[in-house]
Amino acid sequence: MKADPAGVLTGVHYLDGDKACAEGGLAAGCRFFAGYPITPSTEVAERVSERFPYMGGMFIQMEDELASMAAILGGSWAGVKSMTVTSGPGFSLMMENIGLGAMLETPCVVVNVQRGGPSTGLPTLPGQADMMQARWGSHGDYRLIALSPNSPQECFDLTITAFNFSEKYRVPVLFMMDECVGHMTEKVVIPEADKIDLTERRYTKKKPGEYLPYAYGEDLIPDMAKAGDGHFFHVTGLTHDERGYPDMTWEMQEKCVHRLIDKIDKNVDEIFMIEEENMDKAEVVVISYGITSRVALRGIQLAEQAGMKNIGRMRLITVWPFPEKRIRELAKKVKAFVVPEMNYGQMVLEVERCAGGQCKTILVPHGGGTVHKPETIYQAIKEAYK
Amino acid sequence: MKKDNEIRIAGFGGQGIILAGYIIGKAAAIYDDKFSTLIQSFGPEARGSSCAAQVIISESQILYPYIVKPNIAMLMSKDAYERFGGELTDGDIMLIEKDLVQPKKNGKKISVYAIPATRLAEEMGRKIVTNIIMVGFFSAITQITSYEATRKAVESSVPPGTQELNLKAFETGYNYGKKLLSSSEKNVA
Amino acid sequence: MKAAEVEEIQKKPKTRKTKSVEEEHPLEKWLRMDRMPHIWCSTCGIGTAVTCFIEAIKKTTLAREDICVVSGIGCSGRIAGYIKQDSFHTTHGRAIPFAVGLKLANPKLKVVVFSGDGDLSSIGGNHLIHTARRNLDITVLCINNFIYAMTGGQVAPTTPPTAIATTTPYGNYEHPFNLPALAAACGAVYVARWTALHVRRLTNSMAEALQKKGFSFVEIICPCTTLYARKNKLGSGLDLMKFYHDNSVIVNGADPREVDIQFQSEIKVGKFIDVDKPTYLDSYNTYMKTKLGDKFKPYGVTDEERQ
Ligand SMILES: Cc1ncc(C[n+]2csc(CCOP(=O)(O)OP(=O)(O)O)c2C)c(N)n1
Ligand code: SF4
Ligand SMILES: [Mg+2]
């Protein structure tokens, strides 16, 4: 299905990442937004509140992030594409209901414009230190999808992808921006509505009385219903059976939770989005994501100027699920992975795990507050080359 | 590879610093078909009433998003001059608000161009267009963003209904710059 | 009036006794019979409140498929699981914001939050006050059993002074919430309180609340026999019903500030507030229309309806 022109601001714009993300949401058909102001994400909410009245969307500034997250789950179950936006402290508050979203299998998009942490940290400056929280932040076992844009253009494009994934796989999709990308203004091209492909929610075709909210077929993704359609369905955050009824046995736990994991794990090939360059002859591979991927490329250029020609570049666009298979393959061929990230070692743990000791893994840490110096990344590449 | 232009724009809140940066960046990225990245300073340098923006303009995609060493500074307050004036080195360009900034000689070969933008805006009856005068001045002096592109960027960035006034302000700044260049009434600080 | 109440008490056990297990339950159509037996203790008041709610729905003209029930976590939080409507068992304290999302995303729905005192006024207290403030068009039914029951009887924001809870083993020394006063002060347009004894009045009140436009709040004083009554040596379920009978006073229109509850004191019940004011959505649509004129696309209104 194509985007609704009412939400698509077709044209060439000069926008910051936050506003571009808002436009991406509107283009994707988001018409319910609940949020709570927090730097550096507030501009997304502001933009949506300004634009929604013209397209029949509903914006509400909730009393806190707990409420925002719960509200978008409600919005989604009422049949409207829903999103919220926050940053570190708010992301922490959303965690419990992100888990509810995973358990109820509720499509929605949660944007985290990451700032430096922990705690209040650096409200106006970038960080990438919520990456593991995105993976493990809510209690219990589940799988979600997380994407990481590296430019305002991608803030637009990938917010649409985030909605598409969330509808297709019935999961909350975490959109892991950072302050730098969020507050950076660049050219953003917004195509015409009929050039934007949207994945629509798969609603049940069953008649009332026949519908089971968690019955699934081969793709492991149950058809959805929405409130008010007369199915009188029940959903719960408790471990449940196909009817959505609590069944708190280990057998049902195995069935219920395992499927939440499998529906993502079995589809990784479709969910992965990675950008690769110069991998054929690569001796050293630099793996990065978000704004750091741009700075890393500058570091690679410096290394190339210094005569190191065989440097591969991998950029994670999808960060969760992690591209395990690909990293394992590469680990057999290369000398080292270099992983710059704006934290003291998060995604690098995954790289190291997948490398399985077959090659070196070198972290280039950074506490956040600004981006890496390209020279630092260059030095790490040089080290890896040895 | 041609060197990127790294532009620092600073002043105090209410002068429209960010919009000035936005217009310059937009002129380059959209109407001159180059690459540009604008970063508003949210960091410690944005404290108090001061306000700063950084614009990088390049022929290729900008990888490192922040200014490393500005080659152009557009400074619209004493405070901004004191904070950022020292970043420039030989051959760089400094644009200043003539009545608000008194540049001191520091031995570096910096081309300093001054414009009484606030006074000119007041003469137009609208102090609010000071920043647009500065943008016109910037285009005329540096030629980093073309006349056409900058003009279009002004037109498409200001609130509807104020285009005429703002374009007039732009022309005022631009013409002032052109005249200044021909009379070479510039200062080498 | 008193006689009617007595009748209510007397009728109850009788109808219960004569009911055989094989007989079709009168609420069969409205309950998830495939989930019976429910988890509530016998003589718990929650079941009575559920029955009243279903009877209340029947009294309204609402389309059944439009009614959604949202609960948080607790004994009361399980209500959503037994009512055969679109029903959502969410997280502790977050039933109201979830309901806000449902309602705003589809304003045609009649969204009911049915949950416990702890869930709604402690962990979810912020949502309660803000949703009342906005006059968001939902109905909140609060089971007040004066305690955190599901977790085993801890003190709640509603526990009366001196009452024993597992975390106030020497008695409660905190000041409790007066929930009707809280809801009213925050802007609720309909506020009532009944006990689980007042089934007829409670049912009527629930029906009124369901049909009220705006934020309606009904507090249901409810026996928790297993925990609150036992810890405080208040006797059986019947003893509590007797207590409600002897100690509740109907004061319709009472100033909500004057209906606070002390330990085993008089309980003022009745409809306290019933006023009209624009709902969140009405305010939004009206205000935006004046600001943005024809360019404004009202929310929750189809193009035809707008004509
Ligand atoms: C975040 C969170 N904290 C604590 C709990 C544990 N918990 C479950 S129910 C409950 C209290 C419920 O009290 P109330 O709302 O009065 O319901 P009741 O059981 O009395 O009906 C608590 C604290 C929880 N489920 N989630
Ligand atoms: S513990 Fe109390 S509230 Fe819970 S079901 Fe039993 S009697 Fe009811
Ligand atoms: Mg309770």
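Structure first, text after, so check above.
As a starting point, this report considers the structure included with it. (Residues numbered from 1 in each chain as written. Chains lettered and ligands numbered in written order. Predicted model: local features only at pLDDT ≥ 70, side-chain atom pairs only at ≥ 80, totals over all residues. Heavy atoms only, no water.)

Turning to the overall build of chain A, a few remarks are in order. Secondary structure summary: chain A contains 13 helices and 16 strands in total. At 21 Å, chain A has a C-alpha radius of gyration in line with the 21 Å of a compact globule built from 386 residues. Dimensions of chain A, computed from the C-alpha atoms along their principal axes, are close to 70 × 50 × 40 Å. In chain A, buried positions account for 67% of the 386 residues. Taking the intrachain contacts of chain A between residues at least 6 apart in sequence as the baseline, contacts between residues at least 24 apart amount to 78%. Accessible area for chain A stands at about 12,900 Å²; split by element, carbon and sulfur atoms hold 52% of it. (Helix = DSSP H or I, 4+ residues; strand = E, 2+ residues; numbered from the N terminus. Rg over C-alpha atoms; globule rule 2.2 N^0.38 Å. Buried < 20%, exposed > 50% of the residue type's maximum accessible area, 1.4 Å probe, protein only. Contact = heavy atoms within 4.5 Å. Areas by Shrake-Rupley, 256 points an atom, 1.4 Å probe, with all protein chains shown as cover.)

The next subject is the site of ligand 2. Surveying the vicinity of ligand 2 reveals the residues Trp40, Cys41, Cys44, Cys75, Asn145, Ala149, Cys224, Thr225, Thr226 and Leu227 of chain C. Considering only residue class, the shell around ligand 2 consists of seven nonpolar, three polar and no charged. (Near = heavy atom within 4 Å. Nonpolar A, V, L, I, M, F, W, Y, C, P; charged D, E, K, R; others polar.)

Facing 25 residues of chain A, the contacting portion of chain B comprises 20 residues. Across the chain A to chain B interface the summed buried area is about 1,800 Å²; carbon plus sulfur atoms make up 61%. When residues of chain A are sorted by the area they lose upon contact with chain B, Tyr14, His183 and Arg294 of chain A head the list and together hold 36% of the total. When the shortest N-O distance is used, the salt bridge between Asp33 of chain B and Lys187 of chain A registers 3.9 Å. Along the contact surface separating chain A from chain B lie five residue pairs in polar contact (both at pLDDT 80 or more). Only strand E1 (11-16), strand E6 (122-126), helix H7 (179-182), strand E9 (184-190) and helix H10 (291-305) of chain A provide two or more residues apiece to the side of chain A that touches chain B. The element that contributes the greatest number of residues to the side of chain A that touches chain B is H10 of chain A, accounting for six residues. (Buried area = accessible area lost by both parts, 1.4 Å probe. Salt bridge = Lys/Arg side-chain N within 4 Å of Asp/Glu carboxyl O. Polar contact = N/O pair within 3.5 Å; in protein donor to acceptor, adjacent residues only side chain to side chain.)

Moving on, we come to the interface of chain A and chain C. Opposite the 45 residues of chain A that make contact, chain C presents 44 residues. Regarding the contact of chain A and chain C, the summed buried area is about 3,500 Å², with carbon and sulfur atoms giving 62% of it. Ranking the residues of chain A by area buried against chain C places Met58, Glu63 and Phe232 of chain A at the top, with a combined share of 20%. Summed over the shared surface of chain A and chain C, the number is two salt bridges. Put simply, chain A and chain C have 20 residue pairs in polar contact (both at pLDDT 80 or more) between them. Counting only elements with at least two residues in the side of chain A that touches chain C, the list comes to strand E3 (58-61), helix H3 (65-77), helix H4 (88-104) and strand E10 (234-236) of chain A. In terms of residue count, the dominant contributor to the side of chain A that touches chain C is H3 of chain A (eight residues). Of the residues belonging to the side of chain A that touches chain C, the class tally is 26 nonpolar, 12 polar and seven charged. Note: E10 of chain A against strand E2 (residues 86-89) of chain C, three bridges, orientation parallel. Across the sheet, residue His234 of chain A finds its bridge partner in E2 of chain C, namely Ser87 of chain C. (Pairing = 2+ DSSP bridges.)

The structure contains two pairs of chains in contact, of which chains A and C account for the largest number of contacts. Chain B makes no contact with chain C; the smallest distance between any of their C-alpha atoms is 15 Å.

A word on the sheet that holds strand E15 (residues 336-341) of chain A. Residue and element names in this part refer to chain A. Across the sheet, five strands lie side by side as E11-E13-E12-E15-E16; this open sheet has mixed pairing. Of all the strands in the sheet, just strand E11 (274-277) and strand E16 (360-365) have a single pairing partner and so form its edges. Ignoring which end each strand starts from, the neighbouring axes of this sheet average 20° apart. (Axes fitted to C-alpha atoms, helices over the stretch in contact; angles between N-to-C directions.)

Here we come to the pairing of strand E6 (residues 111-115) of chain B. Residues and elements named next belong to chain B. Counting buried positions over the five residues of E6 gives five, a clear majority of the element. Side chains Ser111, Tyr113 and Ile115 project from E6 onto one buried face, and the interleaved Val112 and Ala114 project onto a second face that is buried too. Two elements, strand E5 (residues 93-97) and E6, share five bridges in a ladder whose sense is parallel. Residue pairing across strands places Leu95 opposite Tyr113, the latter belonging to E6.

Taken by themselves, the reported measurements are silent on function.
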